[in-house]
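# Examination of the molecular architecture
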Amino acid sequence: VVLEMKNDDEIEKIISMFLKLWGEAAKNVDEELQSTLNRHLGSLNVNFPLVFISTFNDDQYGSPAFSLGFNFPIPVGAIYINKSWKDLPERWKEFIILHELGHIYHNHSPFNVLVSILYKVVPKELRELYNIIKVGVSFYSILEGKEIPKFIEEQITAAKELEADKFALQLLGDKRPILEFFWWLKRNGISISHLSEFGEFRLPALTVDERVEHIGPLGSNF
Ligand SMILES: [Zn+2]
C-alpha cells in the first residue's frame, strides 16, 4: 500500500510537470520550428497538431533538446530546443525536431515512467547489490582499458535513442544531414551522446559513433 501511495504521488508529479511544460510550449511556440514540425505531422496524417515546439536558454535544462509526450493514438506533447541550436542548418534542425518527435511517436515518455516505477519495486538490497556489481565491473573495465559493458539501463536508453534516429531518418528521407550533424557534434568534442536515464549510476549509454554506425547502413528510402 505504501508503495502504491508513493507511485500515485510520483505519477501526479509527472502529470503536473507534463501539463506545465506542454502548456508553456503551446503558449511560447517557435513559429519557424513549429511549421517544420507541422509539415511532418501532416505526413503522418496528423492535421491538428497537439505537439508544440518551443525554445529555451542555455543551462535551463540538462540537454540541448528534449521532448515529452505520448501517442495514444495521436501524438500529444512538447519539444524543447536550446536557442543556441536555432542557428544550425535547416536540415540539421529538421532532424533534431524529428528525432524528438520520434520519442513522442514511440511512447518513450510513458515507457520511462513505467521503467522508473519498476525500478523502485526492486527490493533495496537487490538494488544495492546490483549497483555494487555495476560500479565494480565499470572500474574493472576502465582499469583494463576495456569498454564499459552496457547494463540494462544503458541498453534501454540506447535503444530508444536509436529508434528515434531511425524514425527521423524515415521522415527526413536523407541520411546526409544526420551524419553531418553527428560529425559536427564530434568536432565540438561531444563523443558521448547520452547517459543512461535510469538507476543510481548514470553511465554512458550511447556514443555519437554508435549513432553514426546505426544510421550508416540504414537505407534512405524505405
Ligand atoms: Zn533522444
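## Details of the environment of arginine 91
In this fold, arginine 91 is placed in helix α3 (residues 90-105). Overall, arginine 91 belongs to the partly exposed group, its relative accessible area being 32%. When residues no more than four places from it in sequence are discounted, the contact partners of arginine 91 are Leu172, Asp174 and Pro177.

## Focus on unusual backbone geometry
Residues phenylalanine 72 and proline 73 are joined by a peptide bond in cis, for which omega reads 0°. Position of proline 73 among the secondary structure elements: in the loop between β2 (65-71) and β3 (75-82). Look at asparagine 45: it is not a glycine, yet its phi comes out positive at around 65°. Within the fold, asparagine 45 resides in the loop between α2 (31-43) and β1 (50-56). Phi at asparagine 107 is positive, roughly 60°, even though this residue is not glycine. Within the element layout of this structure, asparagine 107 appears in the loop between α3 and α4 (108-121).

## Some details on the packing of aromatic side chains
Tallied over the entire structure, the rule returns 16 aromatic pairs. Geometrically, the ring pair formed by phenylalanine 56 and phenylalanine 66 is tilted, given 5.8 Å between the ring centres and 50° between the ring planes. Of this pair, phenylalanine 56 sits in strand β1 while phenylalanine 66 is found in strand β2, placing the two residues 10 residues apart along the sequence. You can call phenylalanine 66 buried: its relative accessible area is 17%. The interplanar angle of 25° and the centroid separation of 6.0 Å between the aromatic rings of phenylalanine 181 and tryptophan 184 together place this pair among those described as stacked. Taken as a pair, phenylalanine 181 and tryptophan 184 lie in helix α7 (residues 176-187) at a separation of 3 residues, close to a single helical turn. Residue tryptophan 184 is classed as partly exposed on the basis of its relative accessible area of 21%. Linked through ring pairs, Trp85, Trp92, Phe95, Phe181, Phe182 and Trp184 together constitute an aromatic cluster.

## A closer look at the confidence of the model for the protein
Reading fine detail from the predicted coordinates is not recommended where pLDDT is low. For the protein, per-residue confidence averages 92 on the pLDDT scale, and 95% of positions sit at 70 or higher. When mean pLDDT is taken per element in the protein, α3 scores highest with 98 and helix α1 (residues 2-27) scores lowest with 84.

## Digging into a nonpolar patch on the surface
Together, Val122, Leu126, Leu129 and Ile133 make up a nonpolar patch on the protein surface, roughly 330 Å² of accessible area in all. Given a relative accessible area of 30%, valine 122 falls into the partly exposed group.

## Points about the side chain of arginine 211
The residue arginine 211 is located in helix α8 (residues 208-215) in this model. A relative accessible area of 5% places arginine 211 in the buried class. Apart from residues lying up to four places away in sequence, arginine 211 is in contact with Phe95, His99, Leu162, Asp165, Phe182, Ser193, His194 and Leu206.

## As for the side chain of asparagine 131
Looking at the element boundaries, asparagine 131 is found in helix α5 (residues 124-143). A relative accessible area of 6% means that asparagine 131 is categorised as buried. When residues no more than four places from it in sequence are discounted, the contact partners of asparagine 131 are Tyr119, Glu200 and Phe201.

## So, the environment of serine 141
In this structure, serine 141 sits in helix α5. Note: C-alpha distance between serine 141 and tryptophan 184 (43 residues apart in sequence) is 29 Å. Contacts of serine 141, omitting those with residues within four sequence positions, involve Lys146, Glu147, Ile148 and Pro149. Within the structure, the side chain of serine 141 is placed 2.7 Å from the backbone oxygen of valine 137, a separation counted as a polar contact.

## Details of α7
For α7, spanning 12 residues, the distance from its first C-alpha to its last is 16 Å, which sits close to the expected 16 Å at 1.5 Å a residue. Tucked into the core, α7 has its buried residues touching α3, α6 (152-172) and α8. Note on α7: the residue one or two positions beyond its end, glycine 189, has a positive phi of about 80°.

What counts and what doesn't
- Residues numbered from 1 in each chain as written.
- Predicted model: local features only at pLDDT ≥ 70, side-chain atom pairs only at ≥ 80, totals over all residues.
- Heavy atoms only, no water.
- Helix = DSSP H or I, 4+ residues; strand = E, 2+ residues; numbered from the N terminus.
- Buried < 20%, exposed > 50% of the residue type's maximum accessible area, 1.4 Å probe, protein only.
- Contact = heavy atoms within 4.5 Å.
- Phe/Tyr/Trp six-rings, centres within 6.5 Å; stacked < 30°, edge-to-face > 60°.
- pLDDT = per-residue confidence, 0-100.
- Patch = residues over 30% accessible without salt bridge, like charges linked within 9 Å, V, L, I, M, F, W, Y side chains within 5 Å.
- Areas by Shrake-Rupley, 256 points an atom, 1.4 Å probe, with all protein chains shown as cover.
- Salt bridge = Lys/Arg side-chain N within 4 Å of Asp/Glu carboxyl O.
- Polar contact = N/O pair within 3.5 Å; in protein donor to acceptor, adjacent residues only side chain to side chain.
- Expected span 1.5 Å × (residues − 1).

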